[in-house]
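Working through the structure, step by step
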Amino acid sequence: MQNNTAKAILRKIRVSPQKLNVVASMIRGMKAQRALDVLLYSKRRIANDVRKTLMSAMANAENNNGMNPDSLIVKEAHVGYSIKLRRFHPRGRGRGEVVTKPFSHLTIVVEERI
C-alpha cells in the first residue's frame with residue numbers, strides 16, 4: 001500500500017454481496033465527506049455499516065498516516081464473498097429445501113488527493 005492511502009476492512013457482514021455492491025458502487029470515486037453524506041441518507045439497511053467502515057478508513061488515514069481528512073477520496077470499495085449459512089425449510093411430502101444465507105466482506109481504500 002502506498003503512503004497516501006489507508007484502508008479499513010469489515011468482515012462477515014450479514015448481507016449478500018450483490019446487495020452490498022449496490023451500496024459500495026454509490027461511493028466509489030467520491031470525496032470521502034460527500035460519500036458520508038450519501039450513505040447517511042441512503043435507504044438501504046447496510047448503508048450504516050458501510051458508513052462506519054468509511055469513517056474507520058478516514059480515521060486510519062488521519063491518525064496513522066497524518067493525512068488531511070478533507071482531501072480524501074474513496075479510491076476503492078471492494079466487496080467479496082464470505083461464508084454461506086445453509087438452513088433447511090420444510091416443503092411438501094416430507095422434503096426439505098436448502099435456504100442459503102450469504103455473508104460478505106467489505107474493503108474500503110481511501111487516498112489523499114491534493
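Refer to the structure printed above.
Here's a quick rundown of the structure. All figures in this text were calculated on a predicted structure; none of them were measured in a lab.

**Some details on a positive patch on the surface**
Together, Arg 14, Lys 19, Arg 44, Arg 45, Arg 87 and Lys 101 make up a region of like positive charge exposed at the surface. Given the relative accessible area of 39%, Arg 14 is considered partly exposed.

**Observations regarding the packing of aromatic side chains**
One pass over the structure, following the stated rule, counts zero aromatic pairs. When the ring centre of Phe 103 is taken as origin, the NZ or CZ atom of Arg 14, which lies over that ring, is 5.5 Å away.

**A closer look at the pairing of strand E3 (residues 96-112)**
Within a regular strand, the side chains alternate between the two sheet faces. Pairing between strand E1 (residues 5-13) and E3: seven bridges, direction antiparallel. Within the sheet, the bridge partner assigned to Ile 13 lies in E3 and is Ser 104. Relative to E3, strand E2 (residues 72-90) runs antiparallel, the two being bridged by 16 bridges. Bridging across to E3, Leu 72 finds its partner in Glu 112. Here E2 hands over to E3 after five residues, with Arg 93 in that stretch at a positive phi of 60°.

What counts, and at which threshold
- Residues numbered from 1 in each chain as written.
- Predicted model: local features only at pLDDT ≥ 70, side-chain atom pairs only at ≥ 80, totals over all residues.
- Heavy atoms only, no water.
- Patch = residues over 30% accessible without salt bridge, like charges linked within 9 Å, V, L, I, M, F, W, Y side chains within 5 Å.
- Areas by Shrake-Rupley, 256 points an atom, 1.4 Å probe, with all protein chains shown as cover.
- Salt bridge = Lys/Arg side-chain N within 4 Å of Asp/Glu carboxyl O.
- Lys, Arg positive; Asp, Glu negative; His and termini not counted.
- Charge placed at Lys NZ, Arg CZ, Asp CG, Glu CD.
- Buried < 20%, exposed > 50% of the residue type's maximum accessible area, 1.4 Å probe, protein only.
- Phe/Tyr/Trp six-rings, centres within 6.5 Å; stacked < 30°, edge-to-face > 60°.
- Lys NZ or Arg CZ within 6 Å of the ring centre and 35° of its normal.
- Pairing = 2+ DSSP bridges.
- Helix = DSSP H or I, 4+ residues; strand = E, 2+ residues; numbered from the N terminus.

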